[in-house]
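Tertiary structure, described
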Amino acid sequence: MSKSQEHVIQKEVDKRRTFAIISHPDAGKTTLTEKLLLFGGAIRLAGTVKARKASKHATSDWMEIEKQRGISVTSSVMQFDYNGHRINILDTPGHQDFSEDTYRTLTAADSAVMLIDVAKGVEAQTIKLFQVCAKRGIPIFTFINKLDREGQSPFDLMEELENVLGIRSVPMNWPIGMGRELCGVYDRMKNQVELFQGDDHSNIQVQKVDSYEDPVIREMAGEFLHEQLKQDLELLDVAGDPFDYEKVLKGELTPVFFGSAVNNFGVQTFLENFLELAPKPEPRRSTEGMVEPTNEKFSGYVFKIQANMNPAHRDRVAFLRIVSGKFERGMSVRHVRAGKEIKLSQPQQFLAQDRDIVQEAYPGDIIGLFDPGIFRIGDSLSQGGNIVFDELPTFSPEIFSKVTVKNALKHKQYQKGLDQLTEEGTIQVFRTASFDETILGVVGQLQFEVFEHRMKAEYGVDVQLQRMPYQFARWIIDEKIDPSKFRINSVLVKDKKDNYVVLFENEYAMRTAIDKNPTAQFLEMAP
Ligand code: G4P
């Protein structure tokens, strides 16, 4: 590759930021995403992100769900430009859409924005998503939302981040008042105040000050709020963590921003600070060592496969995260697992419901590849080589059902469907030691609906799912496994790779098993 080509790739890598927003439903992810897109001038999208809100479905007709949720699915990745940056936001579906895909998507992000409702603090789904990010050690930026409402004190929230998630935090700005009293935020890094103007908080004024002692703040916010701000910030200066960029990059310290997404308050400052601090596309581990984004050869891996994205296009789309080099439409690449060259001729990028054809793309970008059934989760594609990226983790399922086929004559198709959908990562399959029961494990209920629907639509098989009482799965590593030990409130099964897994009905059963088997390791993810 010529020097100038290398320079182009470097420049494209430098300007990219690829991240996911992690939160519990209702914290304001849709609202925040929409505001960010608006800043990027992607105005045609405004309102469309919101539209998926209306799609809280109760039906189990998956095609219908898909149709209604068209937006959420096709907006799996949103790309926009802002201030010379190219930003890719990876959607992590909440509500009933939560699935193993949600976790896998996080593996394609270089950083995460953790959105927290000021009144509710750290909630269940945030904890799960956070843990996946923390395992990878990616930087996490926190946005505390809904400051226009009464909520917990910022100090309590910081303590909660530490106690519940185990992450230290450094407030980048600090609220001046809260709820009806909220009049603005103080930017600790830039020494400026951002103030709301007018009753509806529609106008935002930014004023540079010398420090938080500056009497200008008193004039603007009144004596009471200024005193409170001074006390809070003095305490933070003395007792809080200093900003340490190295720790931020390692995911040990989270920069915290306060704001109100619906009022567009603090969103722009957040975005600008985030773009400055968030990492550009990172290298990825592979069989050939670390693959740098600026590596001249194109490479990437599939992290998600989506079937029937749109009833009008009854195809599958494989989502590929580009790791290195330059992608050009029509290029030939090696599909390493299949050992074949393939031509990437119909790549798509995901913006609302349009399926834009991508002409070129760079590391950090996500492209959708037309998939006639050749891809699996974790597949590596590369130009001129056999790079294989590290396998994607298998996440611990939490909902289990026994599966049987209604018509025994369809057993062959059933087996084929089961194998293929497991390969695709739609569900995880476990078998009891005596092989008489097949148990499916998922992270979210929707995965069962998708499985049932696809077995019928693609393999012509009616399956019956019977919910089982298990809630936890742990892979066990032990020299000598004694199945008799896993009978009470648990069952010993094998995964598709013949690893031993124990499914537990409750935490007590799991704790007891761990205590009683000190030589065994119980892993949350497949070894
Ligand atoms: P989600 O995607 O995380 O599930 O949340 P979403 O953005 O849909 O927001 C959930 C609710 O919280 C919405 O209200 C939204 O308007 C509101 N919200 C978001 N940001 C803020 C904020 O900064 N302050 C306040 N007070 N509310 C906020 P809703 O009543 O469920 O929907 P809508 O009728 O307002 O659309």
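The protein chain has the name Peptide chain release factor 3 in an unreviewed UniProt entry, where Paenibacillus polygoni is given as its organism. Per UniProt, the protein chain has the following entry under Sequence similarities (unreviewed entry): "Belongs to the TRAFAC class translation factor GTPase superfamily. Classic translation factor GTPase family. PrfC subfamily." Regarding the protein chain, the relevant UniProt record gives this comment under Function (unreviewed entry): "Increases the formation of ribosomal termination complexes and stimulates activities of RF-1 and RF-2. It binds guanine nucleotides and has strong preference for UGA stop codons. It may interact directly with the ribosome. The stimulation of RF-1 and RF-2 is significantly reduced by GTP and GDP, but not by GMP."

Structural notes on the sheet that holds strand β27 (residues 463-468)
Read from one edge to the other, the open sheet built from eight strands follows the order β27-β24-β26-β25-β29-β30-β28-β31, with strand pairing classed as antiparallel. Of all the strands in the sheet, just β27 and β31 (521-523) have a single pairing partner and so form its edges. With strand direction ignored, the average angle separating the axes of adjacent strands in the sheet is 40 degrees. Bridge count between strand β28 (residues 472-477) and strand β30 (residues 500-504): four bridges; the pairing is antiparallel. The residue bridging Phe-472 from the neighbouring strand is Phe-504, located in β30.

Structural notes on the site of the ligand
The environment of the ligand is formed by 17 residues, the closest being Asp-26, Lys-29, Thr-30, Thr-31 and Asp-148. The backbone of Gly-28 places a nitrogen or oxygen atom 2.9 Å from an oxygen atom of the ligand. Between the ligand and the protein, one listed contact pairs an oxygen atom with a backbone N or O atom of Lys-29 at 2.8 Å. Taken by itself the ligand offers 710 Å² of open surface, and the protein chains cover 73% of this.

Description of the pattern of salt bridges
The tally for this structure, following the rule as stated, stands at 29 salt bridges. Taking the shortest distance from any N to any O, the salt bridge between Lys-280 and Asp-14 comes out at 3.0 Å. Here Lys-280, found in the loop between α12 (267-277) and β12 (284-286), pairs with Asp-14, found in helix α1 (residues 3-15); they are 266 residues apart in sequence, far enough to count as distant. The partner of Glu-341 in a salt bridge is Arg-334, with the nearest N and O atoms 3.4 Å apart. Among the ionic contacts, a cluster of salt bridges with common partners joins Glu-12, Lys-15, Arg-16 and Asp-365.

Examining the nonpolar core
Counting 61 residues, the largest nonpolar core has Ile-176 and Tyr-186 as the members making the most contacts within it. Formed jointly, this core draws a minimum of three residues from each of two domains, domain 1 (3-277) and domain 2 (284-382). Ranked by size, the runner-up nonpolar core spans 28 residues in total, among them Leu-36, Leu-37, Ala-261 and Ala-278.

Brief notes about unusual backbone geometry
A positive phi is found at Lys-146, a non-glycine position, where the angle reads about 70 degrees. Even without a glycine there, the phi angle at Asn-191 is positive, about 50 degrees. Following the sequence through the fold, Asn-191 ends up in the loop between β8 (184-187) and β9 (192-197). For Asn-191, a relative accessible area of 29% translates into the label partly exposed.

Considering the side chain of Asp-214
Mapped onto the secondary structure, Asp-214 falls in the loop between β10 (203-208) and α9 (215-221). Although Asp-214 is buried, it makes no salt bridge; Arg-218 carries the closest opposite charge, 9.0 Å away.

Focus on the sheet that holds strand β7 (residues 173-176)
With respect to topology, four strands assemble into an open sheet ordered β7-β8-β9-β10, the strand pairing being antiparallel. Of all the strands in the sheet, just β7 and β10 have a single pairing partner and so form its edges. This sheet shows a mean twist of 20 degrees between the axes of neighbouring strands, independent of strand direction.

Comments concerning the packing of aromatic side chains
According to the stated counting rule, one finds 17 aromatic pairs in the structure shown. Geometrically, the ring pair formed by Phe-400 and Tyr-470 is edge-to-face, given 6.4 Å between the ring centres and 80 degrees between the ring planes. With Phe-400 in strand β24 (residues 399-405) and Tyr-470 in the loop between β27 and β28, this pair connects stretches of sequence that are 70 residues apart. By relative accessible area, Tyr-470 is classed as buried at 11%. Ring pairs connect the aromatic residues Phe-19, Phe-141, Phe-143, Phe-257, Phe-270 and Phe-274, which therefore count as one cluster. In this arrangement the basic side chain of Lys-304 is found over the ring face of Phe-319, its NZ or CZ atom lying 5.0 Å from the centre.

Cut-off values and rules
- Residues numbered from 1 in each chain as written.
- Predicted model: local features only at pLDDT ≥ 70, side-chain atom pairs only at ≥ 80, totals over all residues.
- Heavy atoms only, no water.
- UniProt positions renumbered as here; feature names shortened; annotations may be inferred.
- Pairing = 2+ DSSP bridges.
- Helix = DSSP H or I, 4+ residues; strand = E, 2+ residues; numbered from the N terminus.
- Axes fitted to C-alpha atoms, helices over the stretch in contact; angles between N-to-C directions.
- Near = heavy atom within 4 Å.
- Polar contact = N/O pair within 3.5 Å; in protein donor to acceptor, adjacent residues only side chain to side chain.
- Areas by Shrake-Rupley, 256 points an atom, 1.4 Å probe, with all protein chains shown as cover.
- Salt bridge = Lys/Arg side-chain N within 4 Å of Asp/Glu carboxyl O.
- Core = buried A, V, L, I, M, F, W, Y, C linked by side-chain atoms within 4.5 Å.
- Buried < 20%, exposed > 50% of the residue type's maximum accessible area, 1.4 Å probe, protein only.
- Domains from an automatic or database assignment.
- Lys, Arg positive; Asp, Glu negative; His and termini not counted.
- Phe/Tyr/Trp six-rings, centres within 6.5 Å; stacked < 30°, edge-to-face > 60°.
- Lys NZ or Arg CZ within 6 Å of the ring centre and 35° of its normal.

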